Amino acid sequence: MLKYILNRLFHSVIVMFVISFIVFFIMFKAGDPVQLLLPPDATQQDVIEMRHALGIDQSFIKQYEAFLKNVAKGNLGNSFVYGQPALDVVFERLPATLELSVLAMIFSIIFGVPLGIIASIKPKAWYSKAIMFLSLSGISVPVFWTGMVLVLIFSVLLGWLPSSGRGEVYLFTSAFTWDGIKHLIMPVLTLSFFQLALILRLTRTGMMEVMMQDYIKLATAKGVPRRVVVYYHALKNSLIPLITVIGIQFGQLVAFTIVTETIFAWPGTGKLIIDSIQNLDRPIVVAYLLVISFIFVAINFIVDILYTFVDPRVRV
Amino acid sequence: MALLEVKNLKTHFFTRNGVVKSVDGSSFSIEKGEILGIVGESGAGKSITGFSILGLIDSPGRIVEGEINFDGKDLIKLSENELQKIRGDEISMIFQDPQTSLNPVITIGEQMMEAILYHKKGVSKKAAYEACVEILKTVGLPAARKRMKSYPHQLSGGMKQRVVIAMALLNNPKLLIADEPTTALDVTIQAQILYLMKKLSQEFHSALILITHDIAVVSQLCDKIAVMYAGRIVEYGSKEDIIFNPLHPYTKGLIECLPKLNDEKKRLYQIPGIMPSLLGLPQGCYFKNRCEFSDDECDTYPLQQEINGRIVFCHKVK
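Residues numbered from 1 in each chain as written. Chains lettered and ligands numbered in written order. Predicted model: local features only at pLDDT ≥ 70, side-chain atom pairs only at ≥ 80, totals over all residues. Heavy atoms only, no water.

1. What about the overall build of chain B?
Link 1 in the chain: A count of helical and extended segments in chain B gives 11 helices and 12 strands.
Link 2 in the chain: Dimensions of chain B, computed from the C-alpha atoms along their principal axes, are close to 65 × 50 × 40 Å.
Link 3 in the chain: In chain B, which comprises 318 residues, the share counted as buried stands at 55%.
Link 4 in the chain: When the accessible surface of chain B is totalled, it reaches about 14700 Å², and 51% of it is carbon and sulfur.
Link 5 in the chain: In chain B, 38 positive and 37 negative side-chain charges are present, and the distance between their average locations comes to 6 Å. (Helix = DSSP H or I, 4+ residues; strand = E, 2+ residues; numbered from the N terminus. Buried < 20%, exposed > 50% of the residue type's maximum accessible area, 1.4 Å probe, protein only. Areas by Shrake-Rupley, 256 points an atom, 1.4 Å probe, with all protein chains shown as cover. Lys, Arg positive; Asp, Glu negative; His and termini not counted. Charge placed at Lys NZ, Arg CZ, Asp CG, Glu CD.)

Next up, the structure:
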């Protein structure tokens, strides 16, 4: 187990090293942030001084070397735009994004799994067909469309929900205040629409496959109530592929809330990264991607651990 | 009165390509402590007969006609809830393939205890656990107590089948249905398992329905034999009658197929042709195309004849 964890850590360090190099290189080639940072009437002298101050007047190798030295000290550099340490800027925004993704994921699981089971038990019933039709639209409709339609209905026409911002924040999240919850509803719905449909369809397929197995028939032949056969014997077997996908999808959610955050002017990392790329704010972009890749690695690790609980045949 | 009496059972599957009459008018009965063998080729409707008794027919199939009288109740008329009380308690079943009949993610112990806990209210978990350990010892599973915590993948095929048998015997059922219990096992284990089943059904005074394609197996174990062909029973009687004096040409063919000890070296007999598809059954007797005695008479399905307490469906048996 310890060996497995160390191995995993070693791998993730390599992954993050490679990512940092690629991002660093792309941002180096992308352009000169000084042109964007200085006012149009700045003199040549100002430009040279600024470039020197930011350390971007040196060669690529020198810059990357300096970056690595700083990383070793736990410093990912200061943001060109905000002047603060890049990691701090990212971490300041991260709770908003995490809150959105976690809530969207919970919502998708709470509704996706039971609906998937219901649709799998009697696939020909009218309600199963209705569920499958809705899930198909969930898979196909793009996020920006869902978001804008929700805004149109609930903010513009009905005026029930605010269309932008996080509302009142308490303890890093807006889920604890009524105002915050009102702000959360639409972004969470928008973000979970696709995930819900995906989880639902996956649950349904998995359950239909498992329900045909001999051990399900034997459990019934043993006199185990239908309810227990479906929600324990069958569900436990179809959890394995489900956990994998939920893990991957959660990483995706954190990394790609960009569209949703833009629609609802949500002050999370998605909006930060878009702004930073536009401003060529390299330290922020690098720091953000490193944080995201770390989250991916962590989720994969948790998923691997969860496997061992769900499936006794899997050994870490 | 017989423990189980099946009368004119018809289980049909309503598929896109037509109605598959998997079981089409089977009648047989079994007394307490008796062993009945149901023999036939794959697709003859043996397993479906077994599943029908327990009400385990999945859509698009359903029992369209008949009576299954068990201990004074018609099982076909019972609700799902009432059936659930009988399943695993008064009637239990052993499946063909032990590799797939145990849930891979639940421990042996838990799977076994379920059979007790859902039927015997008021039995403590501890008592149920002990009962399971006891029965695992009875079926000859080594290190029974340790196995309770094992998962199916940690056991061999033979061990799993012993677990499945133990599970079926837990509530001391009146009737045990074994659907090809040895097909998936290798030959040395087969004999052990069959002997075990016979011994246990005697010990537990359970009646046993043994479903198999292996007529050699039934000839050793059973008291009565029903031979099925294309969804119908073609001959039904005592073991002695069927094995030593078969009347129906199909039964004769099946017995002819068995290798004999004192025979000269020659090719084994083979019944010509294959069983017709249940979707394209011939007019009249289903066996006529493979039968050496068939003639025009066989273009109508033969009526039931009773000859010395044995039932046979054939125009050529007089």
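2. Quick notes on the packing of aromatic side chains
Link 1 in the chain: For the structure shown, the criterion picks out 20 aromatic pairs over all chains.
Link 2 in the chain: Centroid distance Trp126(A) to Tyr127(A): 5.8 Å. Interplanar angle 80 degrees. Geometry classified as edge-to-face.
Link 3 in the chain: Accessibility expressed as a relative area gives 31% for Tyr127(A), which makes it partly exposed.
Link 4 in the chain: With centroids separated by 6.2 Å and ring planes inclined at 40 degrees, the aromatic side chains of Phe154(A) and Trp160(A) adopt a geometry described as tilted.
Link 5 in the chain: By relative accessible area, Trp160(A) is classed as exposed at 57%.
Link 6 in the chain: Counting every residue linked through ring pairs, the aromatic cluster contains Phe17(A), Phe21(A), Phe24(A), Phe25(A), Phe28(A), Phe60(A), Tyr64(A) and Phe67(A).
Link 7 in the chain: The ring of Phe24(A) has Arg282(A) lying over it, and the distance from NZ or CZ to the ring centre is 4.1 Å.
Link 8 in the chain: The side chain of Arg232(B) reaches across the aromatic face of Tyr301(B), ending 4.1 Å from its centre. (Phe/Tyr/Trp six-rings, centres within 6.5 Å; stacked < 30°, edge-to-face > 60°. Lys NZ or Arg CZ within 6 Å of the ring centre and 35° of its normal.)

3. Thoughts on the sheet that holds strand 2 (residues 18-30) of chain B
All names here are of chain B.
Link 1 in the chain: The strand order across the open sheet built from 4 strands is 2-1-4-5, with neighbouring strands paired in antiparallel fashion. On the outer flanks of this sheet lie strand 2 and strand 5 (73-74), each paired with one strand and no other.
Link 2 in the chain: Looking at chain direction, strand 4 (residues 61-70) and strand 5 are connected through 2 bridges and run antiparallel. Bridging from a neighbouring strand, asparagine 69 pairs with aspartate 74 of strand 5. (Pairing = 2+ DSSP bridges.)

4. Points about the nonpolar core
Link 1 in the chain: Judged by nonpolar contacts, the single largest core of 102 residues is most densely connected at Leu4(B), Phe28(B), Met112(B), Leu175(B) and Ile209(B).
Link 2 in the chain: Beyond its immediate stretch of four places on either side in the chain, Met112(B) contacts Cys132(B), Ile135(B), Leu136(B), Met148(B), Val163(B), Ala166(B), Met167(B) and Leu170(B).
Link 3 in the chain: By size, the runner-up hydrophobic cluster in this structure holds 58 residues, among which are Phe24(A), Leu76(A), Met207(A) and Ile243(A). (Core = buried A, V, L, I, M, F, W, Y, C linked by side-chain atoms within 4.5 Å. Contact = heavy atoms within 4.5 Å.)

5. Examining empty space enclosed by the protein
Link 1 in the chain: By the definition in use, this model includes 3 cavities of 30 Å³ or more.
Link 2 in the chain: Computed from the structure, the largest cavity encloses a volume of approximately 70 Å³.
Link 3 in the chain: Along its surface, the largest cavity is lined by Leu218(A), Ala221(A), Lys222(A), Gly88(B), Ser92(B), Met93(B), Ala115(B), Val164(B), Met167(B) and Ala168(B).
Link 4 in the chain: Looking at the lining of the largest cavity, the elements with two or more residues in it are helix 9 (214-221) of chain A together with strand 6 (91-94) and helix 7 (157-169) of chain B. (1 Å grid on protein atoms, 1.4 Å probe; cavity = no way out; pocket = protein on both sides within 12 Å on 5 of 7 lines; lining within 4 Å. Points joined across faces, edges and corners; volume = space filled by probe spheres on them.)

6. A closer look at the sheet that holds strand 3 (residues 35-39) of chain B
Residues and elements named next belong to chain B.
Link 1 in the chain: Ordered by their spatial adjacency, 8 strands build an open sheet running 6-7-8-3-9-10-12-11, and the pairing between neighbours is mixed. Strand pairing shows two members of the sheet lacking a second neighbour, strand 6 and strand 11 (305-307), which therefore form its edges. The mean angle between the axes of side-by-side strands here comes to 20 degrees, regardless of whether they run parallel or antiparallel.
Link 2 in the chain: Summarising the sheet, strand 9 (residues 224-229) and strand 10 (residues 232-238) pair through 6 bridges and their orientation is antiparallel. Paired with lysine 224 across the strands is serine 238, a residue of strand 10.
Link 3 in the chain: In the packing of helix 1 (residues 46-53) onto the sheet, contacts are made with strand 3, strand 6, strand 7 (175-179), strand 8 (207-212) and strand 9, and the angle to strand 8 comes to roughly 145 degrees. (Axes fitted to C-alpha atoms, helices over the stretch in contact; angles between N-to-C directions.)

7. Some remarks on the layout of surface pockets
Link 1 in the chain: Empty space within the largest pocket amounts to approximately 1400 Å³.
Link 2 in the chain: In this structure, the largest pocket is lined by 38 residues; those nearest its centre are Ile121(A), Arg226(A), Ile57(B), Asp58(B) and Ser59(B).
Link 3 in the chain: Listing elements by their share of the lining of the largest pocket, those giving two or more residues are helix 5 (86-121), helix 8 (178-211), helix 9 and helix 10 (226-255) of chain A together with helix 1, strand 4 and helix 2 (80-86) of chain B.
Link 4 in the chain: Taken together, the residues of the lining of the largest pocket sort by class into 20 nonpolar, 8 polar and 10 charged.
Link 5 in the chain: Estimated volume of the second largest pocket: approximately 540 Å³. (Nonpolar A, V, L, I, M, F, W, Y, C, P; charged D, E, K, R; others polar.)

8. Topic: helix 5 (residues 125-138) of chain B
Residues and elements named next belong to chain B.
Link 1 in the chain: In this model, helix 5 (14 residues) spans 20 Å end to end at C-alpha, consistent with the 20 Å of a helix rising 1.5 Å per residue.
Link 2 in the chain: Within helix 5, the full set of buried residues consists of Ala128, Cys132, Val133, Ile135 and Leu136. Buried positions in helix 5, seen along its axis, are confined to an arc of 165 degrees and lie on one side of it.
Link 3 in the chain: Contacts from the buried residues of helix 5 go to helix 4 (108-117), helix 6 (144-147) and helix 7.
Link 4 in the chain: Looking one or two residues past helix 5, glycine 140 carries a phi angle of roughly 80 degrees, positive in sign. (Expected span 1.5 Å × (residues − 1). Arc of directions from axis to C-beta.)

9. Examining a nonpolar patch on the surface
Residue and element names in this part refer to chain A.
Link 1 in the chain: A cluster of nonpolar side chains, namely Phe10, Ile14, Phe17, Val18, Phe21, Ile22, Phe25, Ile26 and Leu68, defines an oily patch on the protein surface of about 820 Å² accessible area.
Link 2 in the chain: In terms of residue count, the dominant contributor to the nonpolar patch is helix 1 (residues 2-30) (8 residues).
Link 3 in the chain: Mapped onto the elements, phenylalanine 17 comes out in helix 1.
Link 4 in the chain: A relative accessible area of 46% means that phenylalanine 17 is categorised as partly exposed. (Patch = residues over 30% accessible without salt bridge, like charges linked within 9 Å, V, L, I, M, F, W, Y side chains within 5 Å. Salt bridge = Lys/Arg side-chain N within 4 Å of Asp/Glu carboxyl O.)

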